[in-house]
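Examination of the molecular architecture
Chain by chain, the residues:
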Amino acid sequence: MTAQALIQVLASGLLMGLIYALIAVGLSLIFGLMDVVNFAHGEFLMIAMYATFGLVLWTTLDPIVVAPLVVGLMFCVGAFVYVAVVRYAMRTKANAGMVQIFSTFGLAILIQGGAQYFFTPDYRSIKTSWLGGHTLELGGIFLPWPQIYGGLISIAAFAALSLISRTDFGKALEATREDQGAVALVGIDRNKVFAIGWGLGAALVGLAGTVLAIFYYIHPQVGATFGTIAYVTVALGGFGSVFGALVAGVIVGLVEAITALILPPTMKAVGIFALYLAVVFFRPSGLFGKL
Amino acid sequence: MNRRELLLAASALPLVGLAGSASRAFAQGAPEVVIGVLYAMSGPSAQVGIDARHAFETAAEIINGSFDFDMPTAKAAGLQGLGGAKVRLVYADHQSDPQKGRAEAERLITQDKVTALIGCYQSAVSSTVSAVAERYGVPFLCADSSSPSLQRKKLKFFFRPAAQDEMFSAAMFDFFDAQKKKGKKIESVGLFYEDTIFGVDSSNVQRKLAAERGYKIAADIKYKSNSPSLSAEVQQLKSADPDVLMPSTYTTDAILLVKTMAELGYKPRNLVAQASGFSEQVTFDAVGDKLIGAISRASFSLDLAAKRPFIGKVNEMYKARSSRDLNDNSSRELMGLIILADAIDRAKATDGAKIRDALVATDIPGTRTIMPWARVHFNEEGQNPDASPVLLQYTGSKFVTIFPEDVAIAAAIWPMNG
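One structure accompanies this document, and this report is about it. Please read all numbers here as calculations on a predicted model, not as lab measurements. (Residues numbered from 1 in each chain as written. Chains lettered and ligands numbered in written order. Predicted model: local features only at pLDDT ≥ 70, side-chain atom pairs only at ≥ 80, totals over all residues. Heavy atoms only, no water.)

Topic: the overall build of chain B
In plain terms, the rule: By definition, any uninterrupted DSSP run of H or I lasting at least four residues is a helix, any uninterrupted run of E lasting at least two residues is a strand, and each is numbered from the N terminus. Each radius of gyration is computed over the set of C-alpha atoms, and the globule rule expresses the reference value as 2.2 Å times the number of residues to the power 0.38. For every residue, the accessible area (1.4 Å probe, protein chains only) is compared with the maximum for its type, and the residue is labelled buried under 20%, exposed over 50%, or partly exposed between those bounds. Here a residue-residue contact requires only that any non-hydrogen atoms of the pair lie within 4.5 Å. Surface accessibility follows the Shrake-Rupley procedure with a 1.4 Å probe radius. Residue values consider only the protein chains on display as shielding. Positive charge is attributed to Lys and Arg, negative charge to Asp and Glu, and no charge count is given to His or to the chain ends. We put the charge of a Lys on NZ, of an Arg on CZ, of an Asp on CG and of a Glu on CD.
Looking only at helices and strands, chain B features 13 helices and 14 strands. Here the C-alpha atoms of chain B give a radius of gyration of 22 Å, agreeing with the 22 Å that 2.2 N^0.38 yields for 418 residues. Of all 418 residues assigned to chain B, the portion counted as buried reaches 60%. For chain B, contacts bridging at least 24 residues in sequence account for 68% of all contacts bridging at least 6. Of the accessible surface of chain B, which amounts to about 15,400 Å², a share of 54% is contributed by carbon and sulfur atoms. In chain B, the 48 positive side-chain charges and the 47 negative ones have mean positions that sit 1 Å from each other.

Structure (structure tokens):
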């Protein structure tokens, strides 16, 4: 393997890593806000991909143009899921963690089944788009434009998130996360903050969905492929840490690419999880999680 | 009624339902042969299962109705050996999981009392299902799984009318040899295969054949199926740059592989696929523009309809259900059920051992099938040794038969990307 091939693999890994980070950050955000792991996160991604596909087919516009619409739609989906399901799951006094896990897990199965019923299990893909199939060649290194776009969108989303945390709403989020009871005293509606938090989480994974739809196949089970990666990314970066999700996403992308080079490619998931277990050994709450 | 009583009453309900349906069946007195069909109806390969269902329903229509096709069981309505009994299909969803396949096979045999089983697409699932069928003495017709290892267990109740990967791969290397004789350059091959029994078995055969016939293996890559990214794998293929890329992949990975190759600027000089993902219409719908000149092994070609017009009619019946043409998989499934029904018809019984004897005695000339096969009969391993495979090349709009030469309708475009 030449140096050029090595750089190619690392560059591909980096770009995919940024996209993994964007997929994972919504999950991390929701967890950080209210200690709930959303097991339907991969399904949110799948809904966003189908929504992008459907809108592109219907309007004949480019996936990039319809992206804001999909993100808006996903915000509503996220907020609705909180209001209709999670809010009730959180009311239980005993085994709260289990109830939350099973309610979101059940939701995942329901969404998958619904997608298979309504959209059929056929594999879809967006055939023509501005970026789809185009590649930037830099001295023998091929960087696909959809992935470059994905990487840039991911960085922009993380920048936007760090700005939000400085606004009044960001402070309300932070306060609600610190003490759910106390915020009520200063007039913050806990349910409203949580609903917006879920909306934001779903909107972020929705944004990732609009990027993936350009270059990945769309299928009712596509969420499972990326879901596992999202969970290990959040755990590696530290539950609830937005910055941790960014760093961990990039690490996962790179480790995956490097493992596939050194070991048989079928072992590449093993590399990621071996790294995670090593991190657990030294920092059980993840790289940037609160100890 | 307290909660416990309610639960008890609820659990008894299905029993009442069962008793009801059983008495209905007796009341009608219509003889029926129940066949268990095992496919993934959900999960990443669900579309294959849904297409399979359409293929089996078409086959059942042919068996139960009366059609002027020169195929076994077509002319008479129902199975004459069993007084015109109709075939009824019971479906089970194995979700591509060998363990679920095992459990579902057991359920079909013990609860639905099926006469025979048919399935399962994924070789890994056919492996567990064939073991269950053997234990209960129920014939298992392996319609479309191609791993050679399935027949090596010397099971008594395992029957495969279609070719397996040794036969398919041998056809590929025969084709390479023929191309070489014509002065085309083929020195190295690149193996790229998924990590379940299908991919691994396929690669084992191809590795062995390459060594025997003097082709260098430039790349030998086993990858994780349903991966989010195949960039690193494709980079290795690109670095190795074999004369022929030989993928053994299911549909999801086939689409991702082709997309990733295009993104990384890798145009394989030739691509000869172990069908599967590369025989699915959806793959060509998604990335067909990048696959012009790709070759896949196949058990079926619509070109044959020119010689046997009933193939075209059967295809129309299937298309009315599924809105797509018969392909490599659905044709084998359809034909498989007809071969199984023909054996049950000749056995004149629904007893497993008698059907097995009838399957052993099967001898159908290839011209009475929709396949390019020379003949249907089974050797001591339950394999049809005369299920002659073909190679098809994608021209951008359709597939044409290019090998073997006696059935070819066009010369191969070689190399595919010059």
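Re the packing of aromatic side chains
Two aromatic rings, taken as a pair, are described by how far apart their centres are and by the angle between their planes. Residue and element names in this part refer to chain B. Rules: Two aromatic rings, drawn from Phe, Tyr or Trp (for Trp, its six-membered ring), form a pair once their centres lie within 6.5 Å of each other, and the interplanar angle then sorts them: stacked below 30 degrees, edge-to-face above 60, tilted otherwise. Any Lys NZ or Arg CZ found within 6 Å of a ring centre and within 35 degrees of that ring's normal is scored as a charge over the ring.
Within this structure, the stated rule accounts for 30 aromatic pairs over all chains. Summarising the aromatic geometry, the rings of F173 and F176 are spaced 5.2 Å apart at their centres and angled 70° between planes, so their arrangement reads as edge-to-face. Placement of both F173 and F176 in helix α6 (residues 165–181) is noted, with a separation of 3 residues, approximately one turn of the helix. Taken as a pair, F173 and F176 share a single burial class, namely buried. With a centroid separation of 5.9 Å and 70° between ring planes, the pair formed by F176 and Y215 is classed as edge-to-face. In this pair, F176 is assigned in helix α6 and Y215 in the loop between α7 (197–213) and β7 (216–223), connecting sequence segments 39 residues apart. Note on accessibility: F176 and Y215 belong to one class, buried. Grouping aromatic residues by their ring pairs yields a cluster made of F173, F175, F176, Y215, F403 and W414. The ring of F168 is capped by R297, whose NZ or CZ atom sits 3.7 Å from the centre of that ring.

Some details on the pairing of strand β6 (residues 188–194) of chain B
Residue and element names in this part refer to chain B. Threshold: Orient the strands so they point away from the viewer; a crossover is then right-handed if the path from the first strand over the helix to the second runs clockwise. At least two DSSP bridges between two strands are needed for those strands to be called paired.
By the criterion of burial, β6 is predominantly enclosed, with 7 of the 7 residues buried. Burial of the side chains of β6 extends over both faces: S188, G190, F192 and E194 are buried on one face and V189, L191 and Y193 on the other. Following the chain from β6 across α7 to the adjacent parallel β7, one finds a crossover that is right-handed. In terms of strand pairing, β6 meets strand β8 (residues 244–248) through 5 bridges, oriented parallel. From the neighbouring strand, F192 faces β8, where its bridge partner is P247.

Thoughts on the side chain of D165 of chain B
Residues and elements named next belong to chain B. We count it as follows: Any N or O atom pair separated by 3.5 Å or less is treated as a polar contact, with the protein-specific requirement of one donor-capable and one acceptor-capable atom, and with residues adjacent in sequence counted only for side-chain atom pairs.
One can find D165 in helix α6. Classification of D165 by relative accessible area gives buried; the value is 0%. Polar contacts involving the side chain of D165 include one to the side chain of R297, which spans 3.2 Å. Once you skip the residues sitting within four places of it in the chain, D165 turns out to touch S146, S147, P148, F198, S202, V205, Q274 and R297.

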